[in-house]
Amino acid sequence: MVRVIALCLVFFYLAVGVLLNTPLYDFCVLAPSKKIDTTRFDSLHGAKKRKFSIPAFGSQIQAWLFSVEGAKHLAIVHHGRGGNLYNKVFLAQHLINLGMSVLVYDYRGYGESTGVARLKNFVPDGLLVHDFATNELGYNPSKIIIVGESIGTGPACEIARQRSCAAIFLQSPFTSLTQEAKDCFPILHIYPDWCFPNPKFENIEYVRKVHPPLLIIHGAIDKQIPASHFRKLGEVATDPKQLILLPHAGHRNVGGEDATIYTEGLTIFFSKYLKEKSESQGTR
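This write-up is about the structure you can find in this document. All values reported here derive from a predicted model rather than from experimental measurement.

### Some thoughts on the packing of aromatic side chains
- All chains considered together, the criterion is met by 12 aromatic pairs.
- Plain terms: the ring middles of Phe41 and Trp64 are 5.1 Å apart, the flat faces sit at 65° to each other, and that makes the pair edge-to-face. Here Phe41, found in the loop between strand 1 (31-32) and strand 2 (48-56), pairs with Trp64, found in strand 3 (residues 59-67); they are 23 residues apart in sequence, far enough to count as distant.
- According to the relative accessible area criterion, Phe41 is buried, its value standing at 2%.
- Ring centres of Phe269 and Tyr273 lie 5.0 Å apart, and the angle between their planes is 55°; this geometry places the pair in the tilted category. Of this pair, Phe269 and Tyr273 both sit in helix 9 (residues 259-282), four residues apart, which is roughly one turn of the helix. Exposure class is identical for Phe269 and Tyr273. Each is buried.
- Pairwise contacts between aromatic rings join Phe41, Trp64, Phe66 and Tyr86 into one cluster.

Following this line, the structure appears as structure tokens:
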């Protein structure tokens, strides 16, 4: 009987280890929505709206550009695991209020973007959009702010590692996707990190190295990505950095709760670092 139980446990261990490296992992992690609701953008003010379709490895990535007259900077938003770009009105409006244009897009398989939603597509899709902003829209890399939200902080960090940018803003980030999976499903702690598929999105490795000005905002009562991830990232991140922990915010209401702290934090960070960068470039 003991032998049978032991064999069952071994089988279970091996089976789950194999399943971690199949499309089932993407199915469990991602929650793409195909619901299209352009009326959500009707409430946006202070920017002109324009829709783009970007070729992506045989598929099409859909993106919206919100252009602010006279804006020098462009924020590119890499959204989270669920929904699609039409859920990013709140974040986009805050960035527009700071005087920057905003580009939001959907990974393949999300919203109107064609193809299949896969984690392995997030970085290639994000790089395509970043290069579209520089090559087709004409933005200098030194004027681009990379914004990542939740799981989107993974591709945001990787893209910032591969491309130049003015600053990086991480909202509700994790230290790594592997650690986040283990936090959500404690049984996964029995598996070594190498058992998990790529990309592992090791945000902690990015922030501990040299990087552009970094803003991290997190909800203190976030149950999806615990604030322990925020604290660990803050501990190891090199300067320049600004860390903001919102005391009453969870995962889905960042900026809605503690609105004053959120807005003031964004304003102080971008006013300081984008102004400093502009002034230093002007003296060259």
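Once the structure has been displayed, the description carries forward.
### Looking at the packing of helix 4 (residues 122-135) against helix 5 (residues 153-162)
- Across the interface, helix 4 lies against helix 5 with an axial gap of 9 Å and an inter-helix angle of 55°. Comparing the axis directions of helix 4 and helix 5 gives the class oblique. As for the relative orientation of helix 4 and helix 5, their crossing is right-handed in sense. Where helix 4 approaches helix 5, its residues Phe122, Val123, Gly126, Leu127 and His130 are matched on the opposing element by Pro155, Glu158, Ile159 and Gln162.

### A word on the sheet that holds strand 8 (residues 167-171)
- Read from one edge to the other, the open sheet built from eight strands follows the order 2-3-6-4-7-8-9-10, with strand pairing classed as mixed. The strands lining the two open edges of the sheet, one partner per strand, are strand 2 and strand 10 (241-246). Neighbour-to-neighbour, the strand axes of this sheet turn through a mean angle of 20°, independent of strand direction.
- Docked against the sheet, helix 8 (residues 227-236) engages strand 9 (214-219) and strand 10, running at close to 160° with respect to strand 10.

### Some remarks on the pairing of strand 4 (residues 74-78)
- Along strand 4, five of the five residues are buried, which leaves the element largely enclosed by surrounding structure.
- Side chains Leu74, Ile76 and His78 project from strand 4 onto one buried face, and the interleaved Ala75 and Val77 project onto a second face that is buried too.
- Here strand 4 pairs with strand 6 (residues 101-105) via four bridges, running parallel. Opposite Leu74, over in strand 6, you have Ser101 as the bridge partner.

### A few points about the side chain of Arg108
- The residue Arg108 is located in the loop between strand 6 and helix 4 in this model.
- Looking at Arg108, the relative accessible area reads 10%, which means it is buried.
- Within the structure, Arg108 has its side chain in polar contact with the side chain of Asp125 (distance 2.8 Å).
- In this view, Arg108 contacts Ala56, Phe57, Ser59, Ile61, Ser113, Thr114, Gly115, Val116, Ala117, Asn121, Pro124 and Asp125; residues no more than four positions away in its chain are not counted.

### Description of the pairing of strand 3
- Counting buried residues in strand 3 gives seven out of nine residues, a clear majority hidden from the surface.
- With nine bridges connecting them, strand 2 and strand 3 associate as antiparallel partners. Of the residues in strand 3, the one forming a bridge with Lys49 is Phe66.
- Hairpin connection, strand 2 to strand 3: the antiparallel pair is bridged by two residues, and Phe57 has positive phi, about 55°.
- Bridging between strand 3 and strand 6 involves four bridges; their strand directions are antiparallel. Bridging across to strand 6, Leu65 finds its partner in Leu103.

### Here's the deal with the nonpolar core
- Membership of the largest hydrophobic core comes to 52 residues, with the highest contact counts inside it found for Leu119 and Ile168.
- Excluding anything up to four places from it in sequence, Leu119 contacts Tyr25, Asp26, Val29, Leu30, Ile151, Leu177, Pro199 and Phe201.
- One finds Ala75, Ala92, Leu95 and Ala167 within the second-largest nonpolar core, a separate group that totals 35 residues.

Calculation notes
Residues numbered from 1 in each chain as written. Predicted model: local features only at pLDDT ≥ 70, side-chain atom pairs only at ≥ 80, totals over all residues. Heavy atoms only, no water. Phe/Tyr/Trp six-rings, centres within 6.5 Å; stacked < 30°, edge-to-face > 60°. Helix = DSSP H or I, 4+ residues; strand = E, 2+ residues; numbered from the N terminus. Buried < 20%, exposed > 50% of the residue type's maximum accessible area, 1.4 Å probe, protein only. Axes fitted to C-alpha atoms, helices over the stretch in contact; angles between N-to-C directions. Parallel < 35°, antiparallel > 145°, perpendicular 65-115°, else oblique. Left-handed = near helix turned anticlockwise from the far one by under 90°. Contact = heavy atoms within 4.5 Å. Pairing = 2+ DSSP bridges. Polar contact = N/O pair within 3.5 Å; in protein donor to acceptor, adjacent residues only side chain to side chain. Core = buried A, V, L, I, M, F, W, Y, C linked by side-chain atoms within 4.5 Å.

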